[in-house]
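# Structure assessment
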Amino acid sequence: MFELAPRLLAVLDTGAPVVVATAVSMTGSAPSGVGTSMAVLPGGQVVGTISGGCVEGSLFLTAERVAETGEPVLERFGFDDDPDDPDAVWAPALRCGGRVEVLVHRVTVDDLPLVGALRDAAAGLPTSLALSLEPGTLGAVVTAPDGCRDRVFVERGDHRPRCIVVGAVETAVAVTNAAAVLGYAVTVVDPRPVFLTDERFPAADQRIVGWPTRVLERLQVDGTTAVVVLAHDDRFDAEVIDQALRRGAGYVGAMGSRSTHERRTEVLRAMGTPDLDRLRSPIGLDIGARTPAEVALSIVAEVVAVRTGSSAGALTDGSGPIHRVPARVS
């Protein structure tokens, strides 16, 4: 449920309860991972998703019941028998043939350990939460899950990954919006205050007016960081790329034509820049993008592909399971 933390806290802080449905176990093919959640807010508003539409209708009805009774429910969806058997008995199910267990429980602002974990997640801090899946204690926060023989679901949230966008160009606006939706803490850097404004970049966590190389020196960069260079400025582009690669950024991409890339690469080689094979330039996947929004889509899709180690090829050309979801219930 940590991906919904800001939305949940906005409601909880008013004193109103929310009902959260969290996938606590998955087997087989499934469109999302263990820990993904949907929530039903006061008034019936739904945020988040479990399966992309397969089970949400049924979960909404369960959530309405849980909102009234306060009693948590562990729902199971999927084939009870062999999915290839035409006589198999199945609940409203994942059409892809997987199985999923979903914990549906009511959350109030008085649930202090749970709300505390949500506040840490919203702040981008590493956090974890253990919930009992045992009858009689279903949904209860387990304070010491280690060594516990009960069935427990443990959700862990790492610190929010950072996306550093260099250059407040129009494409940067779309990249910032898309990266923010994916959960990145976005920092936009540009030396020109007239372009780097709150109005243009409302989704950015930070807007830093300054010389990019000096700003980057002050920012945290690690393997979860994506550095997206869109400035197309010979005065600092190569130095920013050099810094990002030397400091181990997980993704480093730079805007520019193929001739610009060749010229920039010569400069980087002269600087002794390591790991040039990790530089994504020209930036983005080849989807025929033309508008700033389309270019942003190609860039953010490449960021995700690099993070997950995906080939970024068409699914229709591949084989095997589409969704690789490890189980995390102990």
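The preceding data block contains the structure.
Computed from a predicted model, the values in this text were never measured in an experiment.

Counting buried positions over the 10 residues of strand 1 (residues 18–27) gives 9, a clear majority of the element. Summarising the sheet, strand 1 and strand 5 (residues 99–107) pair through 9 bridges and their orientation is antiparallel. Directly across from T22, in strand 5, lies its bridge partner L103.

The residue E262 is located in helix 7 (residues 258–271) in this model. In the structure, E262 is positioned 20 residues away from P282 in sequence and 9.8 Å away in space, judged by C-alpha atoms.

This next bit is on the sheet that holds strand 12 (residues 251–254). Pairing is parallel in the open sheet, where 6 strands are placed in the order 10-9-8-11-12-13. Because the sheet does not close on itself, it has two edges, and the strands there are strand 10 (206–209) and strand 13 (279–280). Of the strand pairs in this sheet, strand 8 (residues 162–166) and strand 11 (residues 226–229) are connected by 4 bridges, and their pairing is parallel. Bridging from a neighbouring strand, I164 pairs with V227 of strand 11. Set on the sheet, helix 6 (residues 237–246) makes contact with strand 8, strand 11, strand 12 and strand 13; between it and strand 11 the angle comes to about 170°.

Inspection of every chain in the model, using the stated rule, returns 1 aromatic pair. Judged by centre distance (5.1 Å) and plane angle (85°), the ring pair of W211 and F236 falls under edge-to-face. Taken together, the residues W211 in the loop between strand 10 and helix 5 (212–218) and F236 in the loop between strand 11 and helix 6 connect sequence positions 25 residues apart.

Core analysis: the biggest nonpolar cluster contains 44 residues, and M1, L8, V18, L59, V102, V104 and L118 have the highest contact counts within it. Every element with two or more residues in this core is listed here: helix 1 (5–12), strand 1, strand 2 (37–40), helix 2 (56–69), strand 4 (73–77), strand 5, helix 3 (112–122) and strand 6 (127–132). Top contributing element to this core by residue count: strand 1, with 7 residues. Leaving out residues up to four positions away in the same chain, V102 has contacts with A21, T22, A23, V24, I50, L59, V73, L74, E75 and F77. If you look at the next biggest cluster of nonpolar residues, it comprises 24 residues, including V173, F201, L230 and Y251.

Turning our attention to the pattern of salt bridges. Going through the model one piece at a time under the given rule, you end up with 12 salt bridges. Taking the shortest distance from any N to any O, the salt bridge between D242 and R246 comes out at 2.9 Å. Here D242 pairs with R246, and both are found in helix 6, just 4 residues apart, close to one helical turn. In this structure R246 comes out as partly exposed when scored by relative accessible area, which is 47%. Each of R76, E101 and R151 takes part in one network of salt bridges that share partners.

Cut-offs and rules
- Residues numbered from 1 in each chain as written.
- Predicted model: local features only at pLDDT ≥ 70, side-chain atom pairs only at ≥ 80, totals over all residues.
- Heavy atoms only, no water.
- Buried < 20%, exposed > 50% of the residue type's maximum accessible area, 1.4 Å probe, protein only.
- Helix = DSSP H or I, 4+ residues; strand = E, 2+ residues; numbered from the N terminus.
- Pairing = 2+ DSSP bridges.
- Contact = heavy atoms within 4.5 Å.
- Axes fitted to C-alpha atoms, helices over the stretch in contact; angles between N-to-C directions.
- Phe/Tyr/Trp six-rings, centres within 6.5 Å; stacked < 30°, edge-to-face > 60°.
- Core = buried A, V, L, I, M, F, W, Y, C linked by side-chain atoms within 4.5 Å.
- Salt bridge = Lys/Arg side-chain N within 4 Å of Asp/Glu carboxyl O.

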